[in-house]
Amino acid sequence: MTETLQLEVLSTIHCKQQVVRAVRFNIDGSYCLTCGADKKIKLWNPHNDLHLKTYGGHANEVLDVAGSSDNSQIVSCSADKSVILWDVTTGQPLRRYRAHASSVTCIKFNEESTMAISGSIDNTVAFWDVLSRRQEPVQILRDAKDTITSIQVTDHEVLTTSVDCHTRLYDLRIGKMISDYIGSIITHGSLTHDGQCLILSCSDGTIKLIDKDSGELLNTFMGHETNDYLLENCINDKDNQIISGSATGEIFYWDLISSNITNKLVHTYNKPVVSISHHPSDSILLSASEDEIKLWGVNSKE
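Reading the values: rules and limits
- Just so you know, the residues in each chain are numbered from 1, in the order the chain's sequence is written.
- At least 70 in pLDDT is required for a residue's local features to be given in this predicted model, at least 80 for side-chain atom pairs to be given and counted, and no such filter applies to totals for whole chains, interfaces and linings, which use all residues.
- Excluded from the side-chain calculation are hydrogens and water; included are all heavy atoms of the structure.
- Secondary structure is summarised from DSSP: a helix means a run of H or I of at least four residues, a strand means a run of E of at least two, and numbering begins at the N terminus for each.
- Classification of residues uses two cut-offs on accessible area relative to the type maximum, computed with a 1.4 Å probe and protein chains only: under 20% is buried, over 50% is exposed, and between them is partly exposed.
- Two N or O atoms form a polar contact when they lie within 3.5 Å of each other; inside protein one atom must be a possible hydrogen donor and the other a possible acceptor, and for residues adjacent in sequence the pair counts only when both atoms belong to side chains.
- The contact criterion used throughout is that any non-hydrogen atoms of two residues lie within 4.5 Å.
- Only one rule defines a salt bridge in this text: a Lys or Arg side-chain nitrogen within 4 Å of an Asp or Glu carboxyl oxygen.
- The criterion for an aromatic pair is that two Phe, Tyr or Trp rings (for Trp, the six-membered ring) have centres within 6.5 Å, with stacked assigned to planes under 30 degrees apart, edge-to-face to planes over 60 apart and tilted to the rest.
- UniProt positions are given in the numbering used here, feature names are shortened, and annotations may be inferred rather than shown by experiment.

A. Fine view of the side chain of His 100. Within the fold, His 100 resides in the loop between β9 (93-98) and β10 (104-109). Under the relative-accessibility criterion, His 100 is labelled buried at 8%. Among the polar contacts made by the side chain of His 100, one reaches the side chain of Ser 118 at a distance of 2.8 Å. For His 100, the residues in contact, after removing those within four places along its chain, are Lys 81, Ser 118, Ser 120, Asp 122, Thr 124, Ala 126 and Trp 128.

B. Structural detail: the environment of Val 104. Structurally, Val 104 can be placed in strand β10. Take Val 104: its relative accessible area is 0%, and that puts it in the buried class. Along the primary structure Val 104 and Asp 80 are separated by 24 residues, whereas in three dimensions their C-alpha atoms are 7.6 Å apart. Residues within four places of Val 104 in sequence aside, it is in contact with Leu 63, Cys 77, Ser 78, Lys 81, Ser 82, Val 83, Ser 118, Gly 119 and Ser 120.

C. Representation of the pattern of salt bridges in the model. Applying the stated rule across the entire model yields 10 salt bridges. Between Lys 271 and Glu 290 there is a salt bridge, and its shortest N-O distance comes to 3.6 Å. Taken together, the positions of Lys 271 in the loop between β25 (261-266) and β26 (273-278) and Glu 290 in the loop between β27 (285-289) and β28 (292-297) put the pair 19 residues apart, joining distant regions of the chain. By sharing partners, the salt bridges in this structure join Arg 24, Asp 64 and Glu 232 into a single network.

D. Structural context of the packing of aromatic side chains. Under the criterion given, the structure shown has four aromatic pairs. Ring geometry for Phe 221 versus Trp 254: centroids 6.1 Å apart, planes at 55 degrees, classification tilted. With a gap of 33 residues between them, Phe 221 in strand β21 (residues 217-221) and Trp 254 in strand β24 (residues 250-255) connect regions that are remote in the sequence. Judged by its relative accessible area of 0%, Phe 221 falls in the buried class.

E. Region of interest: the environment of Asp 228. Of note, Asp 228 is situated in the loop between β21 and β22 (233-235). With 20 residues separating them in the primary sequence, Asp 228 and Thr 248 have C-alpha atoms 12 Å apart.

F. Geometry of the UniProt feature "repeat: WD" (unreviewed entry) in the protein chain. The sites that carry the UniProt feature "repeat: WD" (unreviewed entry) are, in the present numbering, residues 13-54, 55-96 and 97-138. The annotated region residues 55-96 carries 0% helix and 57% strand content, and the separation between its end C-alpha atoms amounts to 13 Å. For residues 97-138, the end-to-end C-alpha separation is 12 Å, with 0% helix and 45% strand making up the annotated structure.

G. Structural detail: unusual backbone geometry. The phi dihedral of Lys 16 is positive, around 55 degrees, even though this residue is not glycine. Backbone geometry places Glu 290, a non-glycine residue, at a positive phi of 50 degrees. Relative accessible area serves as the criterion here: at 39%, Glu 290 is assigned to the partly exposed category.

Pasting the structure below:
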């Protein structure tokens with residue numbers, strides 16, 4: 001049985017971004033990024049409630065954002081069809097990439113932050129070389145038949161999920177792609193830290209744990225409500241609890257093995273928790289609902 005920590009709200013930040021579309025910890029969990037309907041990206045120290053910088057340059061809602069492995073750059077994507085690479089310190093755009101034919105829904109750096117990888121409503125995944133001055137994508141993947149909803153990147157693999165009910169796992173070392181039909185729209189996909197399993201949030205109100213190599217369904221997690229929201233999932237730092245937001249304003253924790261609900265946090269009742277981000281090494285979670293983010297953790301003063 002997984003030990004359940006008593007998590008509580010350590011801080012609440014009103015982002016003043018109309019609606020926060022995504023919240024993301026940086027690589028070591030000391031800072032976080034939010035992006036929103038106000039067309040901007042904001043950099044925070046959530047542990048001290050500090051707003052550090054605002055990045056403006058998109059012409060429409062910013063839908064996803066990621067920080068580089070050395071914390072010097074940010075990459076963001078928007079409903080304006082563009083991807084922007086930013087200098088963290090100056091706040092200036094370094095590159096503006098345009099190749100997608102529609103809103104860009106998700107963005108990630110690769111492990112070395114030499115490449116940015118974006119997914120779009122135009123069904124494609126584009127690879128951008130952020131070290132060169134090249135404006136065109138290095139590669140475009142056109143396998144999906146509908147919107148790309150999420151991207152995850154490991155040292156040699158790229159996982160994409162799509163509204164076409166398929167996951168696609170690309171092995172970049174050998175140039176191979178494995179596609180799995182899941183049976184319902186996949187709103188978000190992530191990987192366990194050991195790289196063995198896929199965690200797939202589905203529009204049928206389930207989260208499915210799939211063996212990455214065999215495609216076998218290992219477990220199903222239920223209890224939260226999706227209500228057509230594109231809810232994200234994540235896994236905790238110890239790789240033993242699955243976490244998801246809910247349309248009901250709650251955050252659910254499930255035991256990875258037993259699939260029992262081990263914890264339920266309330267962000268704000270009946271306001272959907274669309275985006276979550278887990279600290280890389282501590283039992284700390286960020287959740288985003290409407291215009292605020294909350295930092296959850298164990299109160300050390302007790």
